[in-house]
Amino acid sequence: MAPPPPPPRPSVSPPVPPYAIALADDLSGAAETACALGGPVRLSLDATDVTEVTLACNLVVDLDTRRLPPADAARAVRTALRAVRAGPPRLLYKKVDSQLRGHLAAETAAYAEGAEAVVIAPALPAARRTVTGGVVHLNGVPLHRTDGWRAERASAPRSLPEALSGLPVRVVPLDVVRSDPTALDAELRRIAASGAHPAPDAETDADLDAVAAAALRLGPGFRLLGSGGLAAALGRALRPTAAPPPPVPARDRAPLLVVVGTAEPGAVAQIAHLTALGAHHVPLDPADLAAGTVHLPRTAAAPALTVLSIDGSAGPRIHAGRALSTALGALAAAYPGRPDLVLTGGETARTTLDALGTRELEPLGQIHHGAVHSRTPDGRHVVTRPGSYGAEDSLLRIAVALRPRLAASTTAT
């Protein structure tokens, strides 16, 4: 007698694609991370959104912790993690500054709670920010020998272990990162088993791809922490064939307001490219801005292109940073004509959108690295960019992307 036919195989639903929840400490970094992760993504300015997550998209939340004391910043991370753990399983990512600014030690310690290990890789090769021997380098120069921390209250750390003082960190050398995947996996496991957190060196996107792939192989107990570079590597690992977003129609008739809230010296040259096109530049005295005595000149109609900037000739005002950003944001939000916005500096971007009551952005793409083009729920276009990013023509490139008619003016000049 012939054996009975095998029972029919049960149908198996395709696996749900993995999506991540990313926690950022400022808005420009959150926007950079949203674009880097790719795929369907929400960018939220409301930390409570982590309790309302579905499995259909990546979620990037700006916790806005740069302005908080370290203990409060750590508490915000813990609160978000508790909410994440109460929902469906998700990949976790912590966005940090590639120059190690912000409350790195406090927030990383909070992020590490409950993890097998945190894989720490803040390199950002696209901006020539690399890590070798556990030391962050800017354009090949160790961070502590640059002026990258000129607007900070402290000196730049000499290494990642120093920046994360109080948290056991072990450097993973480049030769291990670039070795066979099984060797890298074994090293990350060995460091985790010792009670420490691995900090892989990275000089290229390929190095970060290897780190992200290793963390995914090791499972959710290994959480990722890094800059936009590692976020992009995670996005490539999750969706290697993601299609580019479709082009977004320009809004040529709305005014364009560029708000420069950064103390970076390069901002002066960036603004000069716009004034050469005829942009209306309004430099703001920091004392008047903080005192609330600045009033924009009244005009019959809002100029087509305006630049608001804080006069930085007296150097960065370290202790007044948040107050100035808040005042600048309120001024930008009150600008007539519902302009589209270009916001440089994470604090300036956040305070401006807070003043407008904007709680969510739809990322549309990048104009150049770090210059993220988004849309608000009411249809306004917004570009956010970290203050330290961009070449001399950065603001010009952003303005032309939002207002293509300006390209004719650049050709004429």
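Everything below is about the structure shown above.
Residues numbered from 1 in each chain as written. Predicted model: local features only at pLDDT ≥ 70, side-chain atom pairs only at ≥ 80, totals over all residues. Heavy atoms only, no water.

(A) Inspection of the overall build of the chain at higher detail. Summing up its helical and strand segments, the chain has 14 helices and 18 strands in all. Here the chain, with 413 residues, has 50% of them falling under the buried criterion. The contacts in the chain between residues at least 6 apart in sequence include a share of 73% that link residues at least 24 apart. Counting every atom, the chain has about 18100 Å² of accessible surface; 57% of that belongs to carbon and sulfur. (Helix = DSSP H or I, 4+ residues; strand = E, 2+ residues; numbered from the N terminus. Buried < 20%, exposed > 50% of the residue type's maximum accessible area, 1.4 Å probe, protein only. Contact = heavy atoms within 4.5 Å. Areas by Shrake-Rupley, 256 points an atom, 1.4 Å probe, with all protein chains shown as cover.)

(B) Inspection of the packing of helix α1 (residues 27–37) against helix α8 (residues 228–238) at higher detail. Their axes nearest at 7 Å, the elements α1 and α8 cross at an angle of 25°. Between α1 and α8, the angle falls in the class roughly parallel. In the packing of α1 onto α8, the handedness of the crossing is right-handed. On α8, the residues that touch E32, T33, A36 and L37 of α1 are G228, A231, A232, L234 and G235. Among the residues forming the contact of α1 with α8, the class breakdown is five nonpolar, three polar and one charged. (Axes fitted to C-alpha atoms, helices over the stretch in contact; angles between N-to-C directions. Parallel < 35°, antiparallel > 145°, perpendicular 65-115°, else oblique. Left-handed = near helix turned anticlockwise from the far one by under 90°. Nonpolar A, V, L, I, M, F, W, Y, C, P; charged D, E, K, R; others polar.)

(C) Helix α3 (residues 104–112), seen in detail. Those residues of α3 not exposed but buried are L104, E107, T108, A110, Y111 and A112. Check the buried side of α3 and you find it contacts α2 (70–85), β4 (91–95), β5 (117–121), α4 (160–163), β10 (197–200) and β11 (222–226). Just past α3, the residue G114 takes up positive phi, approximately 85°.

(D) Expanded view of the sheet that holds strand β8 (residues 141–142). Reading across the sheet, the three strands line up as β6-β7-β8 and stay open at both edges, with antiparallel pairing between neighbours. Of all the strands in the sheet, just β6 (129–132) and β8 have a single pairing partner and so form its edges. Note: β6 against strand β7 (residues 135–138), four bridges, orientation antiparallel. Across the sheet, residue R129 finds its bridge partner in β7, namely L138. (Pairing = 2+ DSSP bridges.)

(E) Structural context of the side chain of S374. Checked against the element boundaries, S374 lands in strand β17 (residues 371–375). The contacts of S374, once residues within four sequence positions are left out, are L361, E362, P363, L364, R380, H381 and V382.

(F) Layout of the nonpolar core. The biggest cluster of nonpolar side chains holds 98 residues, and the ones touching the most others in it are L230 and L289. Looking at this core element by element, the count peaks at seven residues for α1. Aside from chain neighbours lying at most four places away, what touches L289 is L284, V294, I310, L324, A327, L328 and L331. The next biggest cluster of nonpolar side chains, apart from the first, holds 19 residues, and it includes V258, V260, V307 and V342. (Core = buried A, V, L, I, M, F, W, Y, C linked by side-chain atoms within 4.5 Å.)

(G) Just the pattern of salt bridges, in detail. Counted according to the given criterion, the structure contains 22 salt bridges. The shortest N-O distance in the salt bridge between D62 and R350 comes to 2.8 Å. Here D62, found in strand β3 (residues 58–62), pairs with R350, found in helix α12 (residues 346–356); they are 288 residues apart in sequence, far enough to count as distant. D97 is paired through a salt bridge with R66; the nearest N and O atoms lie 3.4 Å apart. Of this pair, D97 sits in the loop between β4 and α3 while R66 sits in the loop between β3 and α2, and the two are 31 residues apart along the sequence. R66 sits in the partly exposed class, given a relative accessible area of 24%. Through salt bridges with shared partners, a single network forms among D62, D64, R67, R350, D354 and R359. (Salt bridge = Lys/Arg side-chain N within 4 Å of Asp/Glu carboxyl O.)

(H) Structural view of empty space enclosed by the protein. Applying the stated criterion to the full structure yields two cavities of 30 Å³ or more. Roughly 50 Å³ of volume is contained in the largest cavity. Surrounding the largest cavity, D25, K94, K95, V96, D97, R101, G102, H103, L104 and E107 form its lining. At the level of secondary structure, the elements contributing two or more residues to the lining of the largest cavity comprise β4 and α3. Of the residues contributing to the lining of the largest cavity, the split by class is two nonpolar, two polar and six charged. Of the voids in this model, the second largest cavity is the one considered here, and its volume is about 30 Å³. Taken together, D26, L27, D64, R66, R67, R322, G346, E347 and R350 make up the lining of the second largest cavity. (1 Å grid on protein atoms, 1.4 Å probe; cavity = no way out; pocket = protein on both sides within 12 Å on 5 of 7 lines; lining within 4 Å. Points joined across faces, edges and corners; volume = space filled by probe spheres on them.)

(I) Highlighting α1. Across the 11 residues that make up α1, a large majority, 11, are buried. All of the buried residues in α1 are L27, S28, G29, A30, A31, E32, T33, A34, C35, A36 and L37. Positive phi appears at G38, one or two residues downstream of α1, with a value of about 70°.

(J) Structural context of the pairing of strand β1 (residues 20–24). Buried residues dominate β1, accounting for five of its five residues. Of the two faces of β1, the one lined by A20, A22 and A24 and the one lined by I21 and L23 are each fully buried. Sheet topology places β1 next to β4; four bridges connect them, and they run parallel. Considered in β4, the bridge of I21 is made with L92.

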